[in-house]
Amino acid sequence: MAAALRKILTFGSMLLPYGVHELRRRHKQRIRLSEPILQALKANQDLAGCHEGQRCFILANGPSVKALDLTVLEGETVISVSNGYLHADFMRFAPKYHVVPQITYGTMTEDKVARWFAEMDESLGEAELFLNETEAGIVSERKLFVGRKVRYVALRTNFDDVSDTSMIDIAKPIPRIDSVPVLALMIAMHMGFKNIVLLGVDHDSWRSGYYKYAFDLKTQADTDFSVTSDGKILSPNYDTFQSLARLWRQYRRLGMIASANGVRIINGGIGGELDEFERVPLNLLLSQDKVQ
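Described below are features of the structure shown in this document. (Residues numbered from 1 in each chain as written. Predicted model: local features only at pLDDT ≥ 70, side-chain atom pairs only at ≥ 80, totals over all residues. Heavy atoms only, no water.)

**Concerning the packing of helix 7 (residues 180–190) against helix 9 (residues 237–260)**
- One can describe the packing of helix 7 onto helix 9 by two numbers: an axis separation of 10 Å at closest approach and a directional angle of 15 degrees. One finds that helix 7 runs roughly parallel with respect to helix 9. As helix 7 packs across helix 9, the resulting crossing turns out to be left-handed. For the pair helix 7 and helix 9, contact is made by Pro181, Val182, Leu185, Met186 and Met189 and by Leu247, Gln250, Tyr251, Leu254, Ile257 and Ala258, respectively.
- By residue class, the composition of the contact of helix 7 with helix 9 is ten nonpolar, one polar and no charged. (Axes fitted to C-alpha atoms, helices over the stretch in contact; angles between N-to-C directions. Helix = DSSP H or I, 4+ residues; strand = E, 2+ residues; numbered from the N terminus. Parallel < 35°, antiparallel > 145°, perpendicular 65-115°, else oblique. Left-handed = near helix turned anticlockwise from the far one by under 90°. Contact = heavy atoms within 4.5 Å. Nonpolar A, V, L, I, M, F, W, Y, C, P; charged D, E, K, R; others polar.)

Quick look at the structure:
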C-alpha cells in the first residue's frame, strides 16, 4: 500500500509545473542547515586561494563544444559540469573538479538521481566533486561516491541581494543559480583562479526553441520536464525571457566581482549568446601561450 501511494505521489509530482517545483525546493532550503552541512561548508575554507594566480577552463555542455578539439585541454585545470563526463576525450583532459547544481525532483526521482550519480562516479576519473547540500542525504543513505572527495555548497540566498563586489565565499550559503556555469564560476573564483575560460556556455536555445547538448545523454535522458523528448522547449517566451534576464544578472554580477578583484573571465567558446565577458577563441588563447 505504501509503495503504491509513493508511486502515485511521484507521478503526480511529474505533472507539476516548474514554478511549483522551484517553490517546493526553496521552501525546503529555508530549513536550518544541519551541523554536518555546516561543517562541510566550513571545510571549503581550505579551498580559498588554493589555485591563486592560475588559469582554469570551465567546460559546459552546449553543442558548440562539438566544434572544439578538447584534447588541447590536456594538462590544463578543467572544471566540468553535470553530464560533462560524456564529452568526447573526457579522460584525455581529465577534469580536476566536477560541479553539479541543485537537482529539481519530479521526473528526476531519488532512484534516478542515485543511478545518475553512479554513472557519474564511474566516469569522472579522480575529479573532486561539488554538490548542493540538498543532495547530501541521498549520497549518505545510498553510500554513493565512496572513495571520492565530495564537497558541498549551500545554494540558499538571492543573487539580486548581492550588492557589493566582494568575493563570494563558498564556505557560507551562496546565491541560487539559474545555470551550472554560474556555480562553477563562484567556485573557481573562490579557489583563486586569475584567468577563467568558459567553453560551451552557449545559452542560445531560445533562438531555435530546442535545448541541445554536445553529446547524447544516458541516465538523464528524458528527465527534463521543461522540454519534450526531442528537446523542444515547452516554456512560453515570457517565462523563458524572465529566466534569461535573471541568469544574465548573475553573470553581470560575477563579472563585476571579477573585475574588482583582478580576475579575468574569458568566453573562449564558439558562437552562443553569452556576451557579458570578452571573447578570445580557444586556439588564439593557446597560441598566445606558445608565444609567451
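**Some thoughts on unusual backbone geometry**
- Positioned with a positive phi, Asp89 is a non-glycine residue whose angle comes to about 65 degrees.
- Mapped onto the secondary structure, Asp89 falls in the loop between strand 2 (78–81) and helix 4 (90–93).
- The phi dihedral of His203 falls on the positive side, at around 50 degrees, and the residue is not glycine.

**Some thoughts on the pattern of salt bridges**
- Counted under the stated rule, the structure contains twelve salt bridges.
- The partner of Arg148 in a salt bridge is Asp121, and the shortest N-O contact between them spans 2.8 Å. Placement of Arg148 in the loop between helix 6 (136–141) and strand 5 (150–153) and of Asp121 in helix 5 (residues 110–123) is noted, with a sequence separation of 27 residues between them.
- Assessed through its relative accessible area of 23%, Asp121 is described here as partly exposed.
- What you see here is one network of salt bridges that share partners, running through Glu110, Asp111 and Arg142. (Salt bridge = Lys/Arg side-chain N within 4 Å of Asp/Glu carboxyl O. Buried < 20%, exposed > 50% of the residue type's maximum accessible area, 1.4 Å probe, protein only.)

**Describing the packing of aromatic side chains**
- Following the criterion strictly, the structure yields nine aromatic pairs and no others.
- A ring pair is formed by Trp206 and Phe241, whose centres lie 6.1 Å apart and whose planes are at 80 degrees; its orientation type is edge-to-face. You can see Trp206 sitting in helix 8 (residues 205–208) and its partner Phe241 sitting in helix 9, a full 35 residues away along the chain.
- Between Tyr251 and Phe277 the ring centres are 5.9 Å apart and the planes differ by 85 degrees, which places this aromatic pair in the edge-to-face class. Taken as a pair, Tyr251 in helix 9 and Phe277 in the loop between strand 9 (264–267) and strand 10 (278–279) lie far apart in primary sequence, 26 residues in all. (Phe/Tyr/Trp six-rings, centres within 6.5 Å; stacked < 30°, edge-to-face > 60°.)

**Focus: the environment of Phe145**
- Residue position: Phe145 is located in the loop between helix 6 and strand 5.
- When near neighbours in sequence (up to four residues on either side) are disregarded, Phe145 contacts Phe117, Met120, Asp121, Leu129, Leu131, Val139 and Val150.

**Observations regarding the sheet that holds strand 3 (residues 97–99)**
- A sheet is described by the order of its strands in space; here eight strands give the open sequence 5-4-3-2-1-8-9-10, paired in parallel fashion. The open sheet is flanked by strand 5 and strand 10, the only strands paired with a single partner.
- Sheet analysis places strand 1 (residues 55–59) next to strand 8 (residues 195–199), joined by five bridges and oriented parallel. Across the sheet, Phe57 pairs through a bridge with Val197, a residue of strand 8. (Pairing = 2+ DSSP bridges.)

**Quick notes on helix 7**
- A large share of helix 7 lies buried, amounting to eleven of its eleven residues.
- Along helix 7, the residues that are buried comprise Val180, Pro181, Val182, Leu183, Ala184, Leu185, Met186, Ile187, Ala188, Met189 and His190.
- Positive phi appears at Gly192, one or two residues downstream of helix 7, with a value of about 95 degrees.

**Some thoughts on the nonpolar core**
- In terms of nonpolar packing, the biggest core is built from 43 residues, with Phe117, Met120, Leu131 and Phe145 touching the most fellow members.
- The element contributing the most residues to this core is helix 5, with five residues.
- Sequence-distant contacts of Phe117, defined by excluding residues within four places in its chain, comprise Ile103, Leu131, Glu135, Ile138, Val139, Leu144 and Phe145.
- Among the nonpolar cores identified, the runner-up in size contains 42 residues, and Ile58, Ile174, Met186 and Leu254 belong to it. (Core = buried A, V, L, I, M, F, W, Y, C linked by side-chain atoms within 4.5 Å.)

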